[in-house]
Amino acid sequence: MKEPRELTLQLLRSDRPDQAYAFNGESQGYTVIDMNGRLGHAVLPWDKLAPLQEALTRTHMTEVEQAQVGMLLREFLEGVLKNLEGWAAYEAELRRAELLGEPILLRLRLSSVELFNLPWPLTRLSDQRRLGTLKSCVIALEWAGVPRYPSPGNEPGRVLFAWSDAGGPVEDRQHLEALRRACPDFDSRVDVCPDVSLEALRKRLNSAMQEGNPYRIIHLLCHGTRLGEGIYGLVISDPADGQKPVPMGIHALPDLLGGTHASNLHAIVVSACHSGHPGEVGSMIGGVALPLHQLGIPVVIASLMPLSVAGSVALTGAFYRERCQQRRSLQDAYQAALAALPAGSLDWTSLQFLVSPPRQPDVPAEPRRVIFSEKEALPEVFSGDISLAYELNYNVAPAAVQRALAGSSREILVLQPLGKVRDTLPSSLSEWRQSLHRTDALVESLGTKAARVHLFARAPLPLMFHLGWRLNRMGLKAYQPRRTGSDEWDCFYDSGSTVPLTTEPFFKQDSWPTPEACHEAEGRLALSVEVTLSVTEEDVARWLGHERPPVLLRLVAARGPSQTALGGPDDSARASDEFWHCLERIRKTLPQVQEIWLAMACPASLAVALGRVYNPRALPRLKLFNFRKGPEGYVELPWDPQEAPKKRRR
């Protein structure tokens, strides 16, 4: 689809332009900056519009009211542009786009709050149609000078459906079904926040952040309400009683979302009556939608007037089908939603599309994610240095990869071994086998094309060990989140680093096992790598529960296990070198040992590094174990490198 052409029209109050909220309901003079940067001036007769303001609160506007508003808006636009090329020049461009079937964005850049109270789609055109009925045109409202985040690309991201029927029925089932059909990755078990309250929404957003898979769109379904101050808010649920209504003012959502959550969001869709209404004369402070827009969220979709049930459901299905299935831009998705609205309704008049200013040229676009498939050859772009996101327990944010690589990553190769991402995976031996197989297939596909891999992994440690073992012939940098829940990653292992010269060991060892003990254990030795956490006696008992348990040898971080015990690439180089020397010493001094059971409590980047030094031809056979808290405990992986096809060890 072609990039849409943009027409801009900036309006600011001529008198007291610095007091954007000082609206007294009287006729106002406005200055316009047209698409060529030239200035014009006209008066908008608010006194004539005042009797029509009440019509905005009703379910239906009469034909006469629609005509009156449409003509007043047309006369104003003609007047404010009369000494320039005129409103006719804008109409000509709009008709040309319609004739060619090309998308066009009419960007109304507004600096006064009352201008958001106008139903701009009703503007009467010279051929007697209304502006909002032009299929090729999207009307975008923008608060001039809003702080902004980079414009989102076409990657849809995760959608959260939050709803409350505390203010009355909202047809949540129809919205949910529309989302299920439209969004292939929508999981109704975790991506729905019923009986939404501010606390429930906060917990859901924080949880998604900690998983490394933040929500990109919030779809909020509830009722709008007029608050006592003459402004419009929303009706959500009481956290203690989901059926008890609680009015929510205009500041609650910006306070909740401001900062981290706002920077992650691509859009907020507020499916509620009057969610875009900025308030009544004397109380115009922005309503619900405008403060969210002013946070810098790229797109906010709201409703100036009452929104029909059929219209809200149609919008949901069409918008997310274009965004999540077709991977279209947010503008394309909104345009498709407008086209899907019920014929004869005024929903197209009511809906508002608030967009942040265009992304500045110096802000890099978000990298493109390419999901690995065994059925399709890797694109040619994946050669040389490759960015790899290994996603099994949590997702990896593309923007985080871009920041870690200083903007040099334009494409990210994504491996999702099980085709889904969840913190409890893998959950069966068959899923462990599939994860190992898919990892092998990826390495085979890379072949000799990859000179170096930049790895961003969110997966169990044994799979990281296996991946490091498979990638031992390639250059590798492994990155790690700075802290739990962080979206900032740093390099913690670099295969190009040499072992630093130091007398301080990274690990301290238990007393060395005796040959007699290893013989009595029938040649089995258990080896624990304890960097982030200690392996407790209870853990050891659960792990080694056996008639003849293996002898236990512990490699423990010399500074004590902690989340900061591994400080960076130098520590990883030392740790992996000492791990290799430990395996060599076992081979040389304990020939009775035929099998080593390995359990790790360390960062994923270190598990990758340890896997790179293991040589199954020269060292005793390894068995890999994964540990999870809870009843599952330790699970042995179906992993046997001795049986791997020789071609895998290029």
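Whatever comes next refers back to the structure up there.
The structure presented is a predicted model; accordingly, all values stated were derived computationally and were not measured. (Residues numbered from 1 in each chain as written. Predicted model: local features only at pLDDT ≥ 70, side-chain atom pairs only at ≥ 80, totals over all residues. Heavy atoms only, no water.)

Caption draft 1: Expanded view of the pattern of salt bridges. Taken as a whole, this structure holds 45 salt bridges when the rule is applied. E91 is paired through a salt bridge with R74; the nearest N and O atoms lie 2.5 Å apart. Residue E91 is located in helix α3 (residues 87–100), and its partner R74 is located in helix α2 (residues 63–80); the two are separated by 17 residues in the primary sequence. For E91, a relative accessible area of 3% corresponds to the buried category. Across the pair R158 and E211 runs a salt bridge, and its minimum N-O distance is 3.2 Å. You can see R158 sitting in strand β6 (residues 158–163) and its partner E211 sitting in the loop between α5 (198–210) and β8 (215–221), a full 53 residues away along the chain. In this structure R158 comes out as buried when scored by relative accessible area, which is 12%. For E211, a relative accessible area of 24% puts it in the partly exposed group. Here the salt bridges share partners, and the residues they tie into one network are R74, E78, E91, R95, E98, D127 and R129. (Salt bridge = Lys/Arg side-chain N within 4 Å of Asp/Glu carboxyl O. Helix = DSSP H or I, 4+ residues; strand = E, 2+ residues; numbered from the N terminus. Buried < 20%, exposed > 50% of the residue type's maximum accessible area, 1.4 Å probe, protein only.)

Caption draft 2: Quick look at the side chain of S356. You can see S356 is positioned in the loop between β14 (351–355) and β15 (368–371). Polar side-chain contacts of S356 include one of 3.0 Å to the backbone oxygen of I297. (Polar contact = N/O pair within 3.5 Å; in protein donor to acceptor, adjacent residues only side chain to side chain.)

Caption draft 3: Here's a closer look at the packing of aromatic side chains. Taken as a whole and assessed by the stated rule, the structure comprises 18 aromatic pairs. Ring centres 5.1 Å apart and planes at 35 degrees place the aromatic pair W597 and F625 in the tilted group. In this pair, W597 is assigned in strand β24 (residues 595–601) and F625 in strand β25 (residues 621–628), connecting sequence segments 28 residues apart. Taken together, the ring pairs in this structure connect W543, W597, F625, F627 and Y634 into an aromatic cluster. When the ring centre of W512 is taken as origin, the NZ or CZ atom of R585, which lies over that ring, is 3.7 Å away. (Phe/Tyr/Trp six-rings, centres within 6.5 Å; stacked < 30°, edge-to-face > 60°. Lys NZ or Arg CZ within 6 Å of the ring centre and 35° of its normal.)

Caption draft 4: Broad picture of the packing of helix α1 (residues 46–53) against α2. Viewed as axis vectors pointing N to C, α1 and α2 meet at an angle of 150 degrees, and their least axial separation amounts to 11 Å. By the criterion of interaxial angle, the relationship of α1 to α2 is roughly antiparallel. In this structure, α1 crosses over α2, and the sense of that crossing is left-handed. Contacts between α1 and α2 pair K48, L49 and L52 from the former with E65, Q68, V69 and L72 from the latter. Class assignment of the residues belonging to the contact of α1 with α2 gives a composition of 4 nonpolar, 1 polar and 2 charged. (Axes fitted to C-alpha atoms, helices over the stretch in contact; angles between N-to-C directions. Parallel < 35°, antiparallel > 145°, perpendicular 65-115°, else oblique. Left-handed = near helix turned anticlockwise from the far one by under 90°. Contact = heavy atoms within 4.5 Å. Nonpolar A, V, L, I, M, F, W, Y, C, P; charged D, E, K, R; others polar.)

Caption draft 5: Structural context of the sheet that holds strand β17 (residues 411–415). Taken in spatial order, the 6 strands of this open sheet run β15-β17-β16-β18-β19-β20, and their pairing is mixed. This sheet does not close on itself; its edge strands, each paired only once, are β15 and β20 (489–494). Between one strand and the next, the sheet's axes are offset by a mean angle of 30 degrees, whatever the strand orientation. Each of β16 (384–391), β17 and β18 (450–458) is contacted by helix α13 (residues 429–446), which is oriented at about 145 degrees to β17, the strand it contacts most. (Pairing = 2+ DSSP bridges.)

Caption draft 6: View of the layout of surface pockets. Each pocket or cavity is described by its volume, and for the largest pocket that value is around 1,600 Å³. Lining the largest pocket are 46 residues, with L461, T532, L533, Q563 and C602 positioned closest to its centre. For the lining of the largest pocket, the secondary structure elements donating two or more residues are α5, β18, α14 (461–470), β19 (475–481), β20, β24 and β25. Here the lining of the largest pocket gets 4 residues from one element, more than from any other, and that element is β25. Partitioning the lining of the largest pocket into residue classes produces 23 nonpolar, 14 polar and 9 charged. In this model, the second largest pocket occupies a volume close to 1,200 Å³. (1 Å grid on protein atoms, 1.4 Å probe; cavity = no way out; pocket = protein on both sides within 12 Å on 5 of 7 lines; lining within 4 Å. Points joined across faces, edges and corners; volume = space filled by probe spheres on them.)

Caption draft 7: Spotlight on the pairing of β6. By the criterion of burial, β6 is predominantly enclosed, with 6 of the 6 residues buried. Relative to β8, β6 is paired through 6 bridges, and the arrangement is parallel. From the neighbouring strand, L160 faces β8, where its bridge partner is I218. Taken together, the 2 bridges between β6 and strand β7 (residues 192–193) define a ladder with parallel strand orientation. Within the sheet, the bridge partner assigned to A162 lies in β7 and is C193.

Caption draft 8: Broad picture of the sheet that holds strand β22 (residues 524–530). Spatially, 6 strands are ordered β21-β23-β22-β24-β25-β26 in an open sheet, and the strand pairing comes out mixed. Edge positions in the sheet fall to β21 (507–509) and β26 (633–636), since each has one partner strand and no second. Within this sheet the neighbouring strands show an average axis-to-axis angle of 25 degrees, counted without direction. Direction of pairing for β24 relative to β25: parallel, over a ladder of 4 bridges. Across the sheet, W597 pairs through a bridge with K623, a residue of β25. Each of β21, β22, β23 (551–557) and β24 is contacted by helix α17 (residues 569–589), which is oriented at about 170 degrees to β22, the strand it contacts most.

Caption draft 9: Focus on unusual backbone geometry. Along the chain, L425 connects to P426 via a cis peptide bond; the corresponding omega equals -10 degrees. At Q128, a residue that is not glycine, the phi angle is positive and equals roughly 80 degrees. Tracing the chain through its elements places Q128 in the loop between β4 (104–110) and β5 (137–143). If you check the backbone angles, D195 has positive phi at about 45 degrees while not being a glycine. Counting through the fold element by element, D195 comes out in the loop between β7 and α5. Owing to a relative accessible area of 29%, D195 belongs among the partly exposed residues under this scheme.

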